[in-house]
Amino acid sequence: AQSVAQPEDQVNVAEGNPLTVKCTYSVSGNPYLFWYVQYPNRGLQFLLKYITGDNLVKGSYGFEAEFNKSQTSFHLKKPSALVSDSALYFCAVRPYTGFQKLVFGTGTRLLVSP
Amino acid sequence: SAVISQKPSRDICQRGTSLTIQCQVDSQVTMMFWYRQQPGQSLTLIATANQGSEATYESGFVIDKFPISRPNLTFSTLTVSNMSPEDSSIYLCSVIWGERYGYTFGSGTRLTVV
């Protein structure tokens, strides 16, 4: 069965500093990996996805993520955090083949201080 | 990407009553997904709805409690039946769009049962 782990409930970072939100996954075969962001009282917004190809994926709002197959990780990164990046971030996975169900991690709350 | 209109955005309901949530997509999609996000929790898949067939429910969710309709390729409804305070959650619909397996989410329905 597929699963996603986000080991940090919360990440705190100062504005202007780099940020990393961690995600590891378990899935049969090759994965499709996704990052979503949720602002208060809002739905999920798509940030980026890894399907195939380059391990470094660039997404919306300056975010990027690196796929590491050997470590089964897909950490979300941004070189310089903004206060407006403060939100809840979800990592999700589905297998490359088979049923197209997304499985989500438990979420990581990112707090960027001024 | 596909655009989803989800209604209502929020509601406060009396226990024992039912609420029907609607999702309208601006393009034809084969699969639609319904998720629940309990307070402070991650997203849990309730069921998958394909047009022309009965919905497929995940473990822990049953049709009598969460009946789903999928009358065509652009519309689906989820009903939360005989509600109790434990049903207070955000409910989201989602679709797969395009060839690159992107997932789009509705803005969510915030349900409070009193």
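Anything mentioned here points back to the structure above.
Below you will find a few notes about this structure. This one's a predicted model, so the numbers in the text were calculated from it and none came from an experiment.

What counts, and at which threshold
- Residues numbered from 1 in each chain as written.
- Chains lettered and ligands numbered in written order.
- Predicted model: local features only at pLDDT ≥ 70, side-chain atom pairs only at ≥ 80, totals over all residues.
- Heavy atoms only, no water.
- Disulfide = S-S within 2.5 Å.
- Helix = DSSP H or I, 4+ residues; strand = E, 2+ residues; numbered from the N terminus.
- Buried < 20%, exposed > 50% of the residue type's maximum accessible area, 1.4 Å probe, protein only.
- Contact = heavy atoms within 4.5 Å.
- Buried area = accessible area lost by both parts, 1.4 Å probe.
- Salt bridge = Lys/Arg side-chain N within 4 Å of Asp/Glu carboxyl O.

**Description of the state of the cysteines**
- Overall, the coordinates contain two disulfides over all chains when judged by the stated rule.
- Note on cysteine connectivity: A:C23 is disulfide-linked to A:C91, with sulfurs 2.0 Å apart. Measuring handedness by torsion sign, the sulfur bridge of A:C23 and A:C91 sits at about -60° and is left-handed. With A:C23 in the loop between β3 (19-21) and β4 (24-26) and A:C91 in strand β10 (residues 87-95), the pair connects residues that are 68 residues apart, well separated along the chain.
- Under the relative-accessibility criterion, A:C91 is labelled buried at 0%.
- The residue that forms a disulfide with B:C23 is B:C93, at a sulfur-sulfur distance of 1.8 Å. An S-S torsion of about -90° defines the bridge between B:C23 and B:C93 as left-handed. Of this pair, B:C23 sits in strand β3 (residues 19-25) while B:C93 sits in strand β9 (residues 89-97); the two residues are 70 residues apart in sequence, bridging distant segments of the chain.

**Points about the interface of chain B and chain A**
- Contact with chain B, which involves 20 residues of that partner, is made by 21 residues of chain A.
- When chain B packs against chain A, close to 1,700 Å² is buried across both sides, 56% of that on carbon and sulfur atoms.
- Scanning the region where chain B abuts chain A turns up zero salt bridges.
- Elements with a minimum of two residues in the side of chain B that touches chain A: β4 (31-37), β5 (43-50), β9 and β10 (102-105) of chain B.

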